[in-house]
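One-letter residues, chain by chain:
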Amino acid sequence: MISFQDIQVKFDDFIAIQNLNLDIKEGEFFTFLGPSGCGKTTTLRTLVGFITPTKGKIFVDGEDLTNTPIEKRQIGMVFQSYALFPTMSVYENIAFGLKVQKYKKEEIKKRVDEIAKVVDLKEDKLMKNVSELSGGQQQRVAIARALALAPKIIVLDEPLSNLDAKLRKQLRKELKKLQLEQGITTVYVTHDQEEALTLSDRVAVFNNGVVEQVGTPEEIYNQSKTEFVCNFIGEANSISEEVIDEISKRSGIKFDSAKKYYIRTEKIKTKILDSDNQSVELHAKVDSKEFYGTYSQYKYEVMGTSLINIEKEDGNFQYSEGDEVTLFINPKDILQY
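These remarks concern the structure in this document. (Residues numbered from 1 in each chain as written. Predicted model: local features only at pLDDT ≥ 70, side-chain atom pairs only at ≥ 80, totals over all residues. Heavy atoms only, no water.)

## Topic: the overall build of the protein
Move 1: Of the regular secondary structure elements, the protein holds 10 helices and 17 strands.
Move 2: C-alpha atoms of the protein, sized along the principal axes, occupy 75 × 50 × 35 Å.
Move 3: Summarising the internal contacts of the protein: among those between residues at least 6 apart in sequence, 67% fall at separations of at least 24. (Helix = DSSP H or I, 4+ residues; strand = E, 2+ residues; numbered from the N terminus. Contact = heavy atoms within 4.5 Å.)

Here is the structure:
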């Protein structure tokens, strides 16, 4: 569907994107994930046509779009700032692209009514000025406007970052549902790891203009290919040389002392199944506890270093500062770089 081939984007002497090769499948929800300044938005803007690459080509359905004007790329756009017209009504905002394309009045009304239902905008909202709407409703208008022209592709640049946490989660679910129902190829930009993991079919993790890993959310999280991806996605403990030596001694598995080792917080256990005969026991002391409602985060002192794990707050688990406990680590859960 979408193919970036040997893409380079350069601004004077600064190389923002270096030799990008990436394929996105038709109907896929594909996310560009990474910290600020990593190149994800630049890549998105290159796809849309706001930026022309200094090298390489972009293909959509086998057609070279590298130098095609923005309006002819059949790409719908949703921005972080929504980019709505504040003096226009909701109806006029959604209809804007259709009017520019010279659709007939009755066709515009039919399409606006259809797409308003798709994004759950009630009829009474259509005649309101967009400035009268809440942030969540404005975001729906922005999505409706992007979908109105039935684009091949929709791109969303940090579309939920201006909303509060509860509304962000609600719209996240609705956005995924909408994408599945419409079957539209979606390219999503975010720095929010949780957003990327919950929404995406696949994720590309960007770092300094380079894609460090492409994979499903499960692959990105559980089989992080680089140290950067491991530390950027979720929470991970760095395992000290002393602890890795102890795990090596107890498990009989040889670890390369020249490498760095990590383990996800939830992979450290305080209880194991009877069938688990691979996990290694480590003596630990509770250093601190942070309560988060449904779970608590414990910090343990193990052989002079700190390890953190997460425990569900189900009433069956209560450790206090200073308690001595046994931790269990399965060597197969250790990530190495």
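After presenting the structure, the write-up continues.
## A few points about the sheet that holds strand β13 (residues 280-291)
Move 1: Read across the open sheet, the 4 strands follow the order β15-β14-β13-β16; overall the sheet is antiparallel. The strands lining the two open edges of the sheet, one partner per strand, are β15 (305-312) and β16 (324-329). Shown here is a sheet whose adjacent strand axes are inclined to one another by a mean of 45 degrees, direction ignored.
Move 2: Pairing between strand β14 (residues 295-302) and β15: 8 bridges, direction antiparallel. For Gln 297, the partnering residue across the bridge sits in β15 and is Ile 310.
Move 3: Here helix α10 (residues 241-251) sits on the sheet in contact with β13, β14, β15 and β16, set at roughly 140 degrees to β13. (Pairing = 2+ DSSP bridges. Axes fitted to C-alpha atoms, helices over the stretch in contact; angles between N-to-C directions.)

## Details of the environment of Ser 288
Move 1: Inspection of the secondary structure assignment puts Ser 288 in strand β13.
Move 2: If near-sequence neighbours (up to four positions away) are discounted, Ser 288 is found in contact with Gln 297, Tyr 298, Lys 299 and Glu 321.

## Some points on helix α3 (residues 105-118)
Move 1: Its 14 residues place the ends of α3 20 Å apart at the C-alpha level, agreeing with the 20 Å of an ideal helix rising 1.5 Å per residue.
Move 2: By the burial criterion, the buried members of α3 are Ile 108, Val 112, Ile 115 and Ala 116. All buried residues of α3 fall inside an arc of 105 degrees around its axis, so they share one side. Structural note: α3 exposes Glu 106, Lys 110 and Lys 117 on the side pointing more than 90 degrees away from its buried face.
Move 3: Lining the buried residues of α3 we find α2 (90-100), α4 (123-126) and α5 (135-147).
Move 4: Residue Asp 120 follows α3 closely and has a positive phi angle near 60 degrees. (Expected span 1.5 Å × (residues − 1). Buried < 20%, exposed > 50% of the residue type's maximum accessible area, 1.4 Å probe, protein only. Arc of directions from axis to C-beta.)

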